Amino acid sequence: MTSDTAVALLARGDLSGLRAVLAARAQATETATADQLSAELDCDPRWMTSEGVAPELIQQLRELSTDADPEVRDEARRRLSPFRS
């Protein structure tokens, strides 16, 4: 998956787009690709709103943290970990 594809999928704002990027990140074998996909996820403008962390994205990650695919599940949990108390 290219950076442009990841950005386009994330811009959709839906669960399947986020899932596709998480799956690609989990399966990336080259460090540069994994780092680029991580950067696209980290820089997703939906992470922050003027009120703080965007609840819609957190909810999507929570849903994906129980995904049938263990790689997607692990990536979602990794992304959620800073927000858990």
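Residues numbered from 1 in each chain as written. Predicted model: local features only at pLDDT ≥ 70, side-chain atom pairs only at ≥ 80, totals over all residues. Heavy atoms only, no water.

## Considerations on the confidence of the model for the protein chain
Model confidence for the protein chain is summarised by a mean pLDDT of 88, while 91% of its residues fall at 70 or above. Strand β2 (residues 52-53) is the least confidently modelled element of the protein chain, averaging 67 in pLDDT, while helix α2 (residues 15-27) averages 95, the highest of any element. (pLDDT = per-residue confidence, 0-100. Helix = DSSP H or I, 4+ residues; strand = E, 2+ residues; numbered from the N terminus.)

## Points about the environment of Leu10
Note on placement: Leu10 falls in helix α1 (residues 3-12). Taking the C-alpha atoms as reference points, Leu10 and Val21, separated by eleven residues in sequence, lie 7.5 Å from one another. Apart from residues no more than four positions distant in its own chain, Leu10 is found in contact with Leu18, Val21, Glu40, Leu41, Asp44 and Arg46. (Contact = heavy atoms within 4.5 Å.)

## A word on the environment of Leu57
By secondary structure assignment, the location of Leu57 is in helix α4 (residues 55-64). The buried category is assigned to Leu57, whose relative accessible area is 2%. It is 8.2 Å that separates the C-alpha atoms of Leu57 and Gly13, two residues lying 44 residues apart in sequence. Those residues in contact with Leu57 that lie beyond four places of it in its chain are Leu18, Arg46 and Trp47. (Buried < 20%, exposed > 50% of the residue type's maximum accessible area, 1.4 Å probe, protein only.)

## Quick notes on the pattern of salt bridges
For the structure shown, the criterion picks out five salt bridges. Among the ionic pairs, Arg12 bridges to Asp14, the shortest N-O distance being 2.9 Å. For Arg12, a relative accessible area of 48% puts it in the partly exposed group. Asp67 is the salt-bridge partner of Arg19, the closest N and O atoms lying 2.9 Å from each other. Placement of Arg19 in helix α2 and of Asp67 in the loop between α4 and α5 (70-80) is noted, with a sequence separation of 48 residues between them. Judged by relative accessible area, which is 13%, Asp67 ranks as buried. Sharing partners across several salt bridges, the network here consists of Arg25, Glu75 and Arg78. (Salt bridge = Lys/Arg side-chain N within 4 Å of Asp/Glu carboxyl O.)

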